[in-house]
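Architecture and fold: a report
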Amino acid sequence: MLEFYRQMLLIRRFEEKAGQLYGLGLIGGFCHLYIGQEAVAVGLQSALEVGKDSVITGYRDHGHMLAYGIDPKVIMAELTGRAAGISRGKGGSMHMFSVDHGFYGGHGIVGAQVSLGTGLAFKHKYAGDGGVCVTYFGDGAANQGQVYESFNMAELWKLPVIFVIENNQYAMGTSVNRASAEDQLYRRGESFRIPGLQVDGMDVLAVRGAAEEAVAWVRAGKGPILLELKTYRYRGHSMSDPAKYRSRDEVQAVREKSDPIDHLAKELEALGVKEDDLKALDKQVRAIVAEAADFAEQAPEPEAGELYTDVLVGDY
Amino acid sequence: MTDAPETRTMNMIQAINSALDIKMGVDPDIVVMGEDVGFFGGVFKATEGLQKKYGKTRVFDTPITECGIIGVAVGMAAYGLRPVPEIQFADYIYPALDQIVSEAARLRYRSAGEFTAPITVRSPFGGGIFGGQTHSQSPEGIFTHVSGIKTVIPSTPYDAKGLLISAIEDNDPVIFFEPKRIYNGPFDGHHDRPVTPWARHPASAVPTGHYRIPLGQAAIVRPGEDVTILTYGTMVHVVAAAVAEKGLDAEIIDLRTLVPLDMATIEASVKKTGRCMVVHEATKTSGFGAELSALVQEHCFHHLEAPVRRVTGWDTPYPHSLEWAYYPGPVRLSLALDKIMQD
């Protein structure tokens, strides 16, 4: 539990720092913060086996990388577009990958990764490697047509895929019920016979519990399962979003009542962990993040020749 | 004698908003639809205030479903409406390609003219905003390749409004790409300099009322004798700055509409100057510059004193870092102008 706490805190502090670097102009373009949603990636990915299972997600991907213990330095350096970044500065905030962790990326096109995740699951089954693929997408992406084409194939072929809808309530400025005829998103798999579960995405232990259940279902060869994780993003959709579509009170109320980190802190204290210990942990995490930010600021930009590498596998 | 029309200083977003407003005010068949265009007013605010003014049945948010947005718009249009769907970024348009190519563009032909799809697909496009590969692309060449649709790209607030009105009134489907780098001000290609607002540019004086700029009519932005430069969108301003810095007497033509193309203006210019350079931000291979280059060669071969040159984005995905190495900016334009004058 302390490790969950540390991971969530790392994501929170990392994202706060990324927001600051964006404000300073060190990170440009598009940057989507994960603040508020930390329990989702941490709870789910803790139930997976690195090296066996695979993960794929959309553009709000920093948290999923950090939850896998990937070095914050190379993540931050990717955000600043440096050669030392995990995608050598070529991907940026939305497009990060890690072969070592079976992390098949952040993807900038809403919903497109859902079909890819279905393909990853196909390979798990084809190879008989026992792995499962966790395919994340948001409440906004849940309305893309290719999601349902993927659902159909996944169930038809009984693929080992866990579809995870991170329902943070808003697709940019559009709330779920203004964009979705069926706003209970865990039911979206019903006509494909995919079972669905709705989970409190602000409670890391509940997330972990649901993840275990889902993994067991999928690993047993029963086909896909759909998890709807009810969560909330505290910040705007991206850095340029003033978030005028919801009230400050609404955000404040979630922060006060349901913050995943505060919630776990209370549970830890009830178990006898001292407040000072949590504070010391926060200090450690802040130091890691500060180091990552310094690294990302000082690392050199890629050489111009990098423009033409990785376009094709062969010479280009 | 008629009075000069009343004008107001507008940036490109305000001009687009004004075109939509003017048309919606007179034609109840026009509806505006897309992701976050209603309540939110669009990510770039191009549709701000329209839902309040015209109501939720005429200006509405759609789910994130590009294929669905265009498909539904085609059906609406076939039955008499004039939808103006927005695809939030041109980079998101690919799921809708099937509906644009197979349905919107081809409906008229296969029904022998009985049904048409007069939709205007508005979409911000192009780079220069550090958007990486999924928020920076210039896919116009994909659409100019498709017979049955028109492709329009404005470069100033004045043109944006006049062209958008023409596009909406046009009876064929139109892809209307808005160069997002210059929504708020023209861009001279020097990314390290502060942005100049539109207010200082003469084309920010936009008539408040209705006016058209016909589709298929290029604009000579700068008349000249030495070399003809064909370009459009953001690059019109980047080219103009590069030409001014060199002190060259170039004739700069802003195509404004790629399909239909104003070949007469191009031909007259190239026959006069004897040299032609094509500039666009999109990648080179099979880009629209290739078509222009071939057309100039077909129409003006005996007048050419040098090979047609293309200055374009490199043939790579749009990069995250190294954006300015990719971008056909002042340095590359300067070198290319030197070369074409020496050829």
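Scroll up to find the structure this text is about.
Residues numbered from 1 in each chain as written. Chains lettered and ligands numbered in written order. Predicted model: local features only at pLDDT ≥ 70, side-chain atom pairs only at ≥ 80, totals over all residues. Heavy atoms only, no water.

What chain B contains, in helices and strands, is 12 helices and 14 strands. Taking 2.2 N^0.38 as the reference for a compact globule, 343 residues should give roughly 20 Å; the C-alpha atoms of chain B span a radius of gyration of 20 Å, in line with that estimate. Relative to its full complement of 343 residues, chain B shows a buried share of 60%. For chain B, the share of sequence-separated contacts (at least 6 apart) that also reach a separation of at least 24 residues comes to 79%. Looking at charge distribution, chain B has the averaged site of its 30 positive side-chain charges lying 2 Å from that of its 39 negative ones. (Helix = DSSP H or I, 4+ residues; strand = E, 2+ residues; numbered from the N terminus. Rg over C-alpha atoms; globule rule 2.2 N^0.38 Å. Buried < 20%, exposed > 50% of the residue type's maximum accessible area, 1.4 Å probe, protein only. Contact = heavy atoms within 4.5 Å. Lys, Arg positive; Asp, Glu negative; His and termini not counted. Charge placed at Lys NZ, Arg CZ, Asp CG, Glu CD.)

Next up on the list: unusual backbone geometry. Following Val 259 of chain B, the chain continues to Pro 260 of chain B via a peptide bond in cis, the omega torsion being 0°. Tracing the backbone through its elements, the reader meets Pro 260 of chain B in the loop between strand 12 (257–259) and helix 9 (263–273). A positive phi angle, close to 55°, is found at Ala 243 of chain A, a residue other than glycine. Along the chain, Ala 243 of chain A turns up in the loop between strand 7 (225–230) and helix 9 (248–258). Residues other than glycine seldom take positive phi values, yet Phe 130 of chain B does so here, at roughly 60°. Residue placement: Phe 130 of chain B occurs in the loop between strand 5 (120–125) and helix 6 (140–144). Taking the relative accessible area as the measure of exposure, Phe 130 of chain B reaches 21% and is therefore partly exposed.

On inspection of all chains with the given rule, the structure shows three cavities of 30 Å³ or more. Taken as a whole, the largest cavity encloses approximately 70 Å³ of empty space. Around the largest cavity, the lining residues are Gly 28, Gly 29, Phe 30, Gly 91, Gly 92, Ser 93, Met 94 and His 95 of chain A together with Phe 130, Gly 131, Gly 132 and His 320 of chain B. Classifying every residue of the lining of the largest cavity gives three nonpolar, nine polar and no charged. (1 Å grid on protein atoms, 1.4 Å probe; cavity = no way out; pocket = protein on both sides within 12 Å on 5 of 7 lines; lining within 4 Å. Points joined across faces, edges and corners; volume = space filled by probe spheres on them. Nonpolar A, V, L, I, M, F, W, Y, C, P; charged D, E, K, R; others polar.)

Attention now goes to the nonpolar core. Counting residues in each nonpolar core, the largest one holds 73 residues, and the members touching the most others are Phe 137, Phe 151 and Phe 163 of chain A together with Ile 70 of chain B. It is helix 3 (residues 66–78) of chain B that provides the largest number of residues to this core, a total of six residues. Two domains each put at least three residues into this core: domain 1 (8–182) and domain 2 (216–342) of chain B. Residue contacts for Phe 137 of chain A: discarding those within four places in its chain leaves Gln 113, Val 114, Ala 142, Val 147, Phe 151, Phe 163, Val 164, Ile 165 and Glu 166 of chain A. Of all hydrophobic cores here, the second largest spans 70 residues; its members include Met 65, Val 207, Ala 210 and Val 289 of chain A. (Core = buried A, V, L, I, M, F, W, Y, C linked by side-chain atoms within 4.5 Å. Domains from an automatic or database assignment.)

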